[in-house]
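Topology and contacts: notes
Letter by letter, the chains look like this.
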Amino acid sequence: MVMPPNAQLVTSRDNPLVQRLRRLAQDPAAYRKLGEVWLEGDHLCSAYLARGKKAAVAVVADTAWLGEHGVGNGGDPVVYKLTALARQADKVVVLPEAIWKIFTGLESPARLGFLVQMPLLRDGEGQTSSGVRAGVPTVVLDRVQDAGNVGSVLRSASALGVAQVIAMKGTAALWSPKVLRAGMGAHFALHLVEQALPEHLAALQVPMVATSSHADHELPRAPLPEPCAWVLGHEGQGVGAEVMAMCSQTVSIPQPGGEESLNVAAAAAICLYESLRRRSAGI
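A few points on the structure. (Residues numbered from 1 in each chain as written. Predicted model: local features only at pLDDT ≥ 70, side-chain atom pairs only at ≥ 80, totals over all residues. Heavy atoms only, no water.)

1. Considering helix H10 (residues 264-281)
With 18 residues, H10 should reach 26 Å at 1.5 Å per residue; the first-to-last C-alpha distance of 26 Å fits that figure. Looking at the buried residues of H10, the elements they touch are strand E6 (138-142), helix H7 (147-159), strand E9 (208-211) and strand E11 (229-233). For H10, the N-terminal capping position is held by Asn263, with its side-chain oxygen 2.7 Å away from the main-chain nitrogen of Ala265. Just downstream of H10 lies Gly282, where phi reads positive at about 70°. (Helix = DSSP H or I, 4+ residues; strand = E, 2+ residues; numbered from the N terminus. Expected span 1.5 Å × (residues − 1). Contact = heavy atoms within 4.5 Å. Polar contact = N/O pair within 3.5 Å; in protein donor to acceptor, adjacent residues only side chain to side chain.)

2. Describing the pattern of salt bridges
Using the criterion set out here, one finds nine salt bridges in the structure. As a salt-bridge pair, Arg32 and Glu194 come within 3.0 Å of each other at their nearest N and O atoms. Of this pair, Arg32 sits in helix H2 (residues 30-34) while Glu194 is found in strand E8 (residues 191-196), placing the two residues 162 residues apart along the sequence. When its relative accessible area of 22% is taken as the criterion, Glu194 is described as partly exposed. Put simply, Lys54 and Asp90 hold a salt bridge, and the shortest N to O gap is 3.9 Å. Highlighted residues: Lys54 in the loop between helix H3 (42-50) and strand E3 (57-61) and Asp90 in the loop between helix H5 (77-86) and strand E4 (91-95), separated in sequence by 36 residues. On the accessibility criterion, Lys54 (48% relative accessible area) is partly exposed. It is possible to trace a salt-bridge network through shared partners that takes in Glu274, Arg277 and Arg278. (Salt bridge = Lys/Arg side-chain N within 4 Å of Asp/Glu carboxyl O. Buried < 20%, exposed > 50% of the residue type's maximum accessible area, 1.4 Å probe, protein only.)

3. Describing the environment of His214
Following the sequence through the fold, His214 ends up in the loop between E9 and strand E10 (217-218). Between the alpha carbons of His214 and Val251 there is a distance of 8.0 Å; along the sequence they are 37 residues apart.

4. Side note on the environment of Tyr273
Turning to its location among the elements, Tyr273 is positioned in helix H10. For the pair Tyr273 and Ser156, spaced 117 residues apart in sequence, the C-alpha separation works out to 8.6 Å.

5. Description of the sheet that holds strand E7 (residues 164-168)
Read across the open sheet, the seven strands follow the order E8-E7-E6-E11-E9-E12-E10; overall the sheet is parallel. Two strands lie at the open edges of the sheet, namely E8 and E10, each paired on one side alone. Where E9 meets E11, three bridges bridge the pair, whose relative direction is parallel. For Val209, the partnering residue across the bridge sits in E11 and is Trp230. Contacting E6, E7, E8 and E11, H7 runs over the sheet at an angle of about 170° to E6. Sitting on the sheet, H10 is in contact with E6, E9 and E11, with an inclination near 165° to E11. (Pairing = 2+ DSSP bridges. Axes fitted to C-alpha atoms, helices over the stretch in contact; angles between N-to-C directions.)

6. Re the state of the cysteines
Summed over the entire model, instances satisfying the criterion amount to zero disulfides. Looking at the unpaired Cys228, the closest cysteine sulfur is the one in Cys271, lying at 9.1 Å. (Disulfide = S-S within 2.5 Å.)

7. Observations concerning the sheet that holds strand E1 (residues 7-9)
The five strands lie next to each other as E1-E4-E3-E5-E2, forming an open sheet whose pairing is mixed. The open sheet has two edge strands with one neighbour each: E1 and strand E2 (36-40). Direction aside, neighbouring strands of the sheet carry axes that sit 20° apart on average. Note: E2 against strand E5 (residues 112-117), five bridges, orientation antiparallel. Counted as the bridge partner of Leu39 is Phe114 from E5. Set on the sheet, helix H1 (residues 16-26) makes contact with E2, E3, E4 and E5; between it and E2 the angle comes to about 80°. Lying over the sheet, H3 contacts E2 and E5, oriented at roughly 45° with respect to E5.

8. With respect to the pairing of E8
As paired elements, E7 and E8 share four bridges and run parallel to each other. Paired with Met168 across the bridge in E8 is Ala196. With helix H8 (residues 177-183) bridging E7 and its parallel neighbour E8, the resulting β-α-β unit is right-handed. (Right-handed = clockwise from strand over helix to strand, strands pointing away.)

9. Observations regarding the side chain of Thr138
Summarising the element assignment, Thr138 is placed in strand E6. Within the structure, Thr138 has its side chain in polar contact with the side chain of Gln164 (distance 3.0 Å). Excluding residues that lie within four positions of it along the chain, Thr138 makes contacts with Val162, Gln164, Ile166, Leu204, Cys228, Ala229 and Trp230.

Here you go:
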C-alpha cells in the first residue's frame, strides 16, 4: 500500500483513536467531553473545507487507498475524491474497512471522515461573554429534541440568511452525528451557541418573535422586525413560558388545509423565508 508521508496505518480495534471515534459516533454528547467532532462522509468533509477550515486528522479506509493505486477499484472517481479530500488534512490515518463497522453511524461506510477540534468562540464580532452575538438575524431553539428537526432548521437557517442559532438547554446536541448529517454542512456557516439559558437571550438586542398556534398575528400580515430572532419551541410543548415572556410578539402560520400543526422544521423554513423575502424587497 502506498502511503503519504503524513499517513499512519492503524489495524487494531483497540487503538485509542478507534475508541474515540466509537464514542463520538455513538454518544450524541461525547464531543462536549472530548473536545472533538467527527465529520463522517465526503459531503461533510467537503463542506468543512469549502468554508476555509483545516482538518487536523483525516481517517480513510484502506480500500480507498488501495483503490487509488490500482487494486480493486482503480480508476474509480469516488475513490480519488476521498483520497484527495483526505490529503488536505494535517494527518491521515488509514483504517481497514472492517474497523469502520465498529464506529460508523452510516448503513454504508463512508470510508472517509475528519476528526476536528470543537469550534471555539472567537473574541470580538459583537459577541458577549455568553457567546451570543448581538444585532444579527438569529434562530432560537427552545428544547427542540428531534435531531433531524434540529439539523433541518440549521440547514434552512444557513440557506435563508440567518447568522446565528442559539440552542437552549434541553435542545438536541448541535454537533451530534445525527444533527450533523441532517444539517448537511450548515454548521460551518453559522455561529452556534449551545445550552443557553433564558437570561442569555437578553444579549441578542433584537426583538424575539415566537411561533405559536395562539398568536398575535398570522404570518403574511405580521409586522416582522428586521433583524429579529425567531423562536421555535419543543415539538409537543411549544415555547416555554419563560422564553415566551421575552418575545415581543407571536406569529402563526395559516393552515387552510386543516392540519393540527406543522413540523417545527417546516415552520422554521416558512418563517425564515418570509423574513428573507421582506428583507430582499425592502419591506
